[in-house]
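Analysis of the macromolecular model
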Amino acid sequence: MMDPLLSVPISSIGATLSKQREAFLKSPTATIHRRKANLKKLKSAILANRERLKVSVSEDFGFRSFHETDVLEFFGIIQSIDYMIKNLRKFMKRENRHVGLFFRAAKAYVDYQPKGVIGIMAPWNYPLSLTLIPLATALAAGNRAMIKPSELTPRTSSLIKQLIEEAFEPEEVAVIIGGADVGAEFSHQPFDHLLFTGSTPVGHKVMKAASDNLVPLTLELGGKSPTVIAKGHVKQKTMSRLVFGKLSNGGQTCVAPDYALIHEQDLETFVTQFSDTVSKFYPDGPTGKDYTSIVNERHQQRLIGLIEDARRRGAKIVEAGLLPESAIERIRTIAPTLVINPDDSSAIMQEEIFGPLLPVKTYRTMQDAIDFINARPRPLALYYFGEKDSDCEKLLSNTTSGNVGINNTLMHVAQDDLPFGGIGLSGMGAYHGIEGFKSMSHAKGTYEQGQWNFADLLRAPFGKFADFALKLTLGRK
Ligand code: NAD
């Protein structure tokens, strides 16, 4: 449960925003020194609380290995902060732009100005990186920020609030604790930009709420990300990279491979090798030291329901990996499970899975795989395992997804120099690196008049110069 002492009266959300906006207007230009100092302060606060945060995340999930939190959260957060510190001067640099012949000698340039106050709404599955990387981006772009973390990871959300309050003034960064009602109020605020990470259904509501104030939005949503394995490419490396992406964080990853498309001749090999690979990753079974629990009972029951629904509709269910007799008991774990040839109408093929279940469908030709993907909403990620041959080229040029991973899963998220985001129902806009910096900055174009200018001759009374210029640009009459 959310700590009632930390949750705020809903009416105070608007007051906090007003204070931040007032402070921003008093001092709207954030120097590079102030931005870097904020990023360094954030980094120190995170690292100083690293052990406590790992404990709180694990308690919130029921269990998550400290290694997993280090690799999948802290690594990305610290790398991203360091990347922004290193590249800030380049990001902030004025960009000179082209001036047309008849406007010489003027100058045109773009300055990336802080937008003001950025709202950040986060989900529970990576409760640290999905609040702190957007925050670092907002600070790098010279903004103030208000964060609404998830109520499903209450200990971690409270600890984030505490460490932010120790490091920052509330006029600079504020954390608003609460559930869906607080989220609804938060999304109605007239922020200068709102970054929402969460489910597609809630994304719809957030976009409606933001439209009341025409708040610009980045929507980082979910969906069903396919993995296509080329004929003959069910190999050890393929399988370990697939298992890594599917089972990290217990499958509760927005860009996890949601379903696999396997060549029909490879199905048997795939099932055997998937199970062998899972056994190597998790020798102690689904209650082993590196296997994450399902976040709450509702999601546990939802996942069990997906398996049962698929079984009823004729799919073959195969539990993968080991279940040693010595395995300990732990709440809310689900074994890695293959759901083979599920009917397309089954719930597991309709909704985002967000758990350690992998439906496997077979295809005959690459065109079949492309048609299957294109008959569904555009995914957040698409993964391909195989040679970079004509089939690969055909798949990538005939499908549209937020990002692509070739011969690996998840790794694109860790690249600071790649935009990260979805398209269509998987989201709009992107962040990370320069794209994040730009989305939280206003690209202010300026035209600066020079001493003299041809354009002065292009007005009444129109004369020979105007005729000459018109002939040159538009051609003879
Ligand atoms: P969610 O949409 O239920 O919640 C996200 C946030 O919205 C939470 O802070 C929640 O309190 C708030 N919220 C809930 N109801 C609201 C309402 N009516 N109005 C306004 N705010 C409301 O998502 P979740 O279950 O926490 O996270 C899982 C989803 O997030 C999955 O769909 C996953 O794919 C997606 N996700 C996307 C990314 C990405 O980067 N694209 C990353 C992680 C998770």
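Residues numbered from 1 in each chain as written. Predicted model: local features only at pLDDT ≥ 70, side-chain atom pairs only at ≥ 80, totals over all residues. Heavy atoms only, no water.

Re the overall build of the protein
Definition in use: The helix count covers DSSP runs of H or I at least four residues long, the strand count covers runs of E at least two residues long, and both are numbered beginning at the N terminus. Both definitions apply: the radius of gyration is a C-alpha atom measure, and the globule rule equals 2.2 Å times residues to the power 0.38. Only heavy atoms enter the contact rule, under which two residues are in contact if any of them lie within 4.5 Å. Each accessible area is a Shrake-Rupley result for a 1.4 Å probe, and residues are judged covered by the shown protein chains and nothing else. By the counting rule applied here, Lys and Arg register as positive and Asp and Glu as negative, while His and the ends of each chain are not counted. Just so you know, the charge point we use is NZ for Lys, CZ for Arg, CG for Asp and CD for Glu.
The secondary structure content of the protein amounts to 15 helices and 16 strands. For the protein, the C-alpha radius of gyration of 26 Å lies close to 23 Å, the compact-globule estimate for 477 residues. Across the protein, every contact between residues at least 6 apart in sequence was considered, and the portion connecting residues at least 24 apart equals 75%. Roughly 21800 Å² of accessible area belongs to the protein as shown, and the carbon and sulfur atoms make up 55% of that amount. Of the charged side chains in the protein, 57 are positive and 51 negative; the average position of the first set lies 9 Å away from that of the second.

Section: the site of the ligand
Stated precisely, the cut-off is as follows: Throughout, the term near means that a residue has one or more heavy atoms lying within 4 Å of the molecule or strand in question. For this analysis, a polar contact is any N or O atom pair within 3.5 Å, provided that within protein one partner can donate a hydrogen and the other can accept it, and provided that sequence-adjacent residues contribute only side-chain to side-chain pairs. Polarity classes work like this: nonpolar for Ala, Val, Leu, Ile, Met, Phe, Trp, Tyr, Cys and Pro, charged for Asp, Glu, Lys and Arg, and polar for all others, with Gly in that last group. Segmentation into domains, and thus their bounds, comes from an automatic or database assignment.
Around the ligand, the structure places 28 residues, and the nearest of them are A122, E151, S199, L221 and E352. Take A122: an N or O atom from its main chain is 2.8 Å from an oxygen atom of the ligand. Residue E220 places a main-chain N or O atom 3.5 Å away from a nitrogen atom belonging to the ligand. Bound to the protein, the ligand loses 91% of the 850 Å² it would expose on its own. Residue classes in the shell around the ligand are distributed as 16 nonpolar, seven polar and five charged. Taken domain by domain, the makeup of the shell around the ligand includes at least three residues from each of domain 1 (11-221 + 428-442) and domain 2 (226-421).

Quick word on the sheet that holds strand 4 (residues 144-148)
Note the cut-off: In this analysis, strands are considered paired if DSSP registers two or more bridges between them. Fitting a line to C-alpha atoms yields each axis, with helices limited to the stretch in contact; the angle taken between N-to-C directions then spans 0 to 180 degrees.
Pairing in this open sheet of six strands is mixed, and the strands run 5-4-3-6-7-15 from one edge to the other. Among the strands making up the open sheet, the edge pair consists of strand 5 (173-175) and strand 15 (427-428). Alignment of strand 3 (residues 117-121) against strand 4, held across five bridges, turns out to be parallel. In the strand pairing of strand 4, I118 is matched with A145. Relative to the sheet, helix 5 (residues 129-140) contacts strand 3, strand 4, strand 5 and strand 6 (193-197), its axis offset from that of strand 3 by approximately 170°. Helix-sheet contacts for helix 8 (residues 200-211) involve strand 3, strand 6, strand 7 (217-220) and strand 15, and the interaxial angle to strand 7 is about 175°.

Here we look at helix 2 (residues 32-48)
Here is the rule we go by: Here the expected length of a helix is defined as 1.5 Å per residue gap, with one fewer gap than residues. Each residue gets one of three labels from its accessible area relative to the maximum for its type: buried under 20%, exposed over 50%, partly exposed in between, using a 1.4 Å probe on protein chains only. Think of it as the arc spanned by the lines of direction from the helix axis to the C-beta atoms.
Here helix 2 is 17 residues long and its end C-alpha atoms lie 24 Å apart, about the 24 Å a rise of 1.5 Å per residue gives. All of the buried residues along helix 2 are I32, R35, N38, L39, L42, A45 and I46. An end-on view of helix 2 places all buried positions within 165° of arc, on one side of the element. The outward face of helix 2, more than 90 degrees from its buried face, is lined by the exposed residues H33 and A48. Its buried side turned inward, helix 2 meets helix 3 (50-61), helix 4 (66-92), strand 2 (107-114), helix 5, helix 6 (154-167) and helix 14 (433-439).

Regarding the sheet that holds strand 10 (residues 316-319)
One open sheet accounts for seven strands, arranged 10-11-12-9-8-13-14; its pairing is mixed. Of all the strands in the sheet, the pair left with one neighbour each is strand 10 and strand 14 (403-406). The mean angle between the axes of side-by-side strands here comes to 20°, regardless of whether they run parallel or antiparallel. The pairing of strand 10 with strand 11 (residues 337-340) spans four bridges and is antiparallel.

Describing the nonpolar core
Applied cut-off: Buried residues of nine kinds, namely Ala, Val, Leu, Ile, Met, Phe, Trp, Tyr and Cys, make up a nonpolar core once their side-chain atoms join them within 4.5 Å.
By size, the foremost hydrophobic cluster in this structure holds 79 residues, and its most contacted members are L39, L42, L135, I164, F270, F274 and L338. Here this core gets nine residues from one element, more than from any other, and that element is helix 4. Two domains each put at least three residues into this core: domain 1 (11-221 + 428-442) and domain 2 (226-421). Not counting the four nearest positions on each side in its chain, L39 is found in contact with I81, M84, I85, L88, A136, L139 and A140. Counting 26 residues, the second largest nonpolar core, distinct from the first, contains Y259, I294, I373 and L395.

Regarding a nonpolar patch on the surface
To be explicit about the condition: Put simply, a patch holds well-exposed residues, over 30% relative accessible area, that have no salt bridge, with like charges counted together within 9 Å and Val, Leu, Ile, Met, Phe, Trp or Tyr side chains within 5 Å. Salt bridge criterion: a side-chain nitrogen from Lys or Arg within 4 Å of a carboxyl oxygen from Asp or Glu.
Where nonpolar side chains cluster on the molecular surface, the patch consists of L101, F468 and L472 and spans about 310 Å² of accessible area. Counting through the fold element by element, L472 comes out in helix 15 (residues 464-474). Judged by its relative accessible area of 52%, L472 falls in the exposed class.

Things to note about the pattern of salt bridges
For the structure on display, the rule yields 24 salt bridges. R21 serves as the salt-bridge partner of D192, at 3.1 Å between the closest nitrogen and oxygen. Of this pair, D192 sits in the loop between helix 7 (180-187) and strand 6 while R21 sits in helix 1 (residues 12-26); the two residues are 171 residues apart in sequence, bridging distant segments of the chain. By relative accessible area, D192 is classed as partly exposed at 22%. For D309, the salt bridge is made with R313, and the minimal N-O distance between the two is 3.0 Å. Looking at D309, the relative accessible area reads 10%, which means it is buried. You can call R313 partly exposed: its relative accessible area is 43%. Among the charged side chains, a salt-bridge network with shared partners connects R50, E51, K54 and D70.

As for the packing of aromatic side chains
Let me state the cut-off plainly: For Phe, Tyr and Trp, where Trp contributes only its six-membered ring, two rings pair if their centres lie within 6.5 Å, and the inter-plane angle classes them as stacked under 30 degrees, edge-to-face over 60, or tilted in between. To sit over a ring, a charge needs its Lys NZ or Arg CZ within 6 Å of the ring centre and within 35 degrees of the ring normal.
Summed over all chains, the structure comprises 16 aromatic pairs. Pairing F281 with Y282 gives two aromatic rings, centres 5.9 Å apart and planes at 50°, and the pair type is tilted. You can call Y282 buried: its relative accessible area is 8%. Look at F454 and F465: their rings are 5.5 Å apart centre to centre, the planes differ by 20°, and that puts the pair in the stacked class. Remark: F465 occurs in helix 15 and F454 occurs in the loop between strand 16 (441-448) and helix 15; sequence separation between them is eleven residues. Site record: aromatic cluster; members linked through ring pairs are F102, W452, F454, F465 and F468. Stacked on the ring of F61, the Lys or Arg R64 has its end atom at 4.8 Å from the ring centre. Of note, R94 hangs over the ring of Y109, and the distance from its end group to the ring centre comes to 3.9 Å.

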